[in-house]
Amino acid sequence: MLWLLFYWRLEKEKWFDQLILAIQELNKKKVDFEIFIFWKWSLESQLFEVHDKNVHFFGWKSLDEIKKYLPNIDYCLMPSEFLETFWLSALNALSWWVPVIWYKKWWLEPFIFQECNLFLARWNTTSERIVSMVEKLAKKPNPERIKDKEELEWKIKKLLPEYTEDARYERFLKLSNINDKEKKRILIVSDFINKAWWIETYIHDVKNLLESHWHEVILWWSNLPSWSKWQWKKRLWLLLSPINFRNINNLKYILEDKQPNIIWFNSLLRWLWANVVKTAWKRRKQNKIDCNFWMMYHDFGYFYPFPSQLYHIEDCKTPLTKKNFMSAYKWKNPITKLAVFCKYYRIQPLKKTLKKEIDLHLSPSDCITKIVSESYDISKKKCKSFPHFIQK
């Protein structure tokens, strides 16, 4: 019996549709396995079409709840092909001593076993690769699985110290150029601040970490709408974002009232865009606030028109010119081409603003740091890697 775990958004961009196809094919072949699926999102309804008894769906659960099932788990499935800025879910799974079945690439490459590398499965689609790999692993005797976990534990013991909360806080102190006795007031700015997606969850994790060291942390802007509202609101807000004067006036009040030492911008692409950075910069120029500006690049949307379709880092061409940006368009749909064209010109003001006004450009991994520097023509001294930490 092989015990599998999947805990990611049930989205096409996470290749969840391919996982469903693989589950159906594995059951047709009568492979002996059980799979535990956590989380929610748009493809949840497709999962309900799979009525097999070896598929256990729990919806969204906290990490503490998920951990209860870990003693029986042999492998964690993460079959997405597109590039992530930081594989936090995979890092969490590895910290639980659970091998990850994935495409062996980027900074996690040393920690993905060759036999768990989906690149090695000689099939065309991800679903076929999953079927081939799970079939092979299901035949593996328990003594070999135990040996694999022991080898993984040895590797992970070298990895984990770099991604603990303590290591993260030490990086914060170094970046902010303060000692542990100095206390700062930090304003974290993001399109949305409720725990809806991983960026928002990350923001709250950072808030809790900094507050545990007696810093004052303020979160600023709004809550992400429910999924049913998000689709039409997203399109409407993208159109209205250049004239979101109400938010600008609110930010002016927050800045002058709270007087933050650091303004830490996070997600800006969905609503806030360049206006909030410009507003804060003008206040600083007028000596109404005295603080540093940080920007965290969580995704490729700042440099590439289709971040959920970026499979090779070479496709994200630098610098960020119209020619390089439009080269990502590979279809014949004129509406899509127009949308890419418009997005490029929407990003340009944000690019100029961030380059001019941000003091420190942060990203979750070194490879993203390089793209930030080359895309926006920013000095490497102002671009730093600031990895996430393992969630508890």
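What counts and how
Residues numbered from 1 in each chain as written. Predicted model: local features only at pLDDT ≥ 70, side-chain atom pairs only at ≥ 80, totals over all residues. Heavy atoms only, no water. Helix = DSSP H or I, 4+ residues; strand = E, 2+ residues; numbered from the N terminus. Expected span 1.5 Å × (residues − 1). Buried < 20%, exposed > 50% of the residue type's maximum accessible area, 1.4 Å probe, protein only. Contact = heavy atoms within 4.5 Å. Polar contact = N/O pair within 3.5 Å; in protein donor to acceptor, adjacent residues only side chain to side chain. Pairing = 2+ DSSP bridges. Axes fitted to C-alpha atoms, helices over the stretch in contact; angles between N-to-C directions. Right-handed = clockwise from strand over helix to strand, strands pointing away. Phe/Tyr/Trp six-rings, centres within 6.5 Å; stacked < 30°, edge-to-face > 60°. Lys NZ or Arg CZ within 6 Å of the ring centre and 35° of its normal. Core = buried A, V, L, I, M, F, W, Y, C linked by side-chain atoms within 4.5 Å.

Structural notes on helix α13 (residues 334-357)
Between its terminal C-alpha atoms α13 stretches 35 Å, which fits the 34 Å expected from 24 residues at 1.5 Å a residue. Those residues of α13 that sit buried are V340, Y344, I347, Q348, L350, K351, T353, L354 and E357. Contacts from the buried residues of α13 go to α11 (275-285), β9 (292-296), α12 (322-326), β10 (360-363) and α14 (366-376). N-cap assignment for α13: the residue whose side-chain oxygen lies 2.9 Å from the backbone N of I335 is N333.

Digging into unusual backbone geometry
In this structure, P319 follows T318 across a cis peptide bond, with omega equal to 0 degrees. One non-glycine residue, W15, lies in the positive phi region at around 65 degrees. Mapping W15 onto the fold places it in the loop between β1 (2-7) and α1 (16-28). One non-glycine residue, W214, adopts positive backbone phi at about 70 degrees.

Observations concerning the sheet that holds β9
The strand order across the open sheet formed by six strands is β7-β6-β8-β9-β10-β11, and the pairing between neighbours is parallel. Because the sheet does not close on itself, it has two edges, and the strands there are β7 (216-222) and β11 (383-385). Put simply, the sheet's adjacent strands are angled 25 degrees from each other on average, direction ignored. Strands in contact with helix α7 (residues 165-176) are β6 (185-192), β8 (262-265), β9, β10 and β11; relative to β8, the strand with the most contacts, it is inclined by about 120 degrees. α14 rests against β10 and β11 of the sheet, and its axis sits at about 170 degrees to β11.

Some points on the pairing of β1
Counting buried residues along β1, five of its six residues qualify, which places the element largely inside the surrounding structure. Two strands pair when backbone bridges link them, and β1 and strand β2 (residues 33-38) are joined in this way by six bridges, in the parallel orientation. Paired with L4 across the strands is I35, a residue of β2. After leaving β1, the chain enters α1 and then returns to the sheet as β2, a path that is right-handed. As judged from the two bridges shared by β1 and strand β4 (residues 75-77), these two strands associate in the parallel manner. Bridge pairing links L4 to Y75 in β4.

Description of the packing of aromatic side chains
All told, the structure shown has 28 aromatic pairs when counted by the stated rule. For the ring pair Y344 and Y345, a centre distance of 5.1 Å and an interplane angle of 80 degrees mean the geometry is edge-to-face. With a relative accessible area of 9%, Y344 lands in the buried category. The ring of W8 carries K14 above its face, with NZ or CZ at 4.6 Å from the centroid.

Section: the nonpolar core
Counting residues in each nonpolar core, the largest one holds 111 residues, and the members touching the most others are I263, F265, L268 and F300. Sorting elements by how many residues they give to this core places α1 first, with six residues. Here F265 is in contact with V189, V276, V277, A280, F293, W294, M295, M296 and I358, once residues within four sequence places are set aside. Counting 23 residues, the second largest nonpolar core, distinct from the first, contains I193, I199, L209 and F389.

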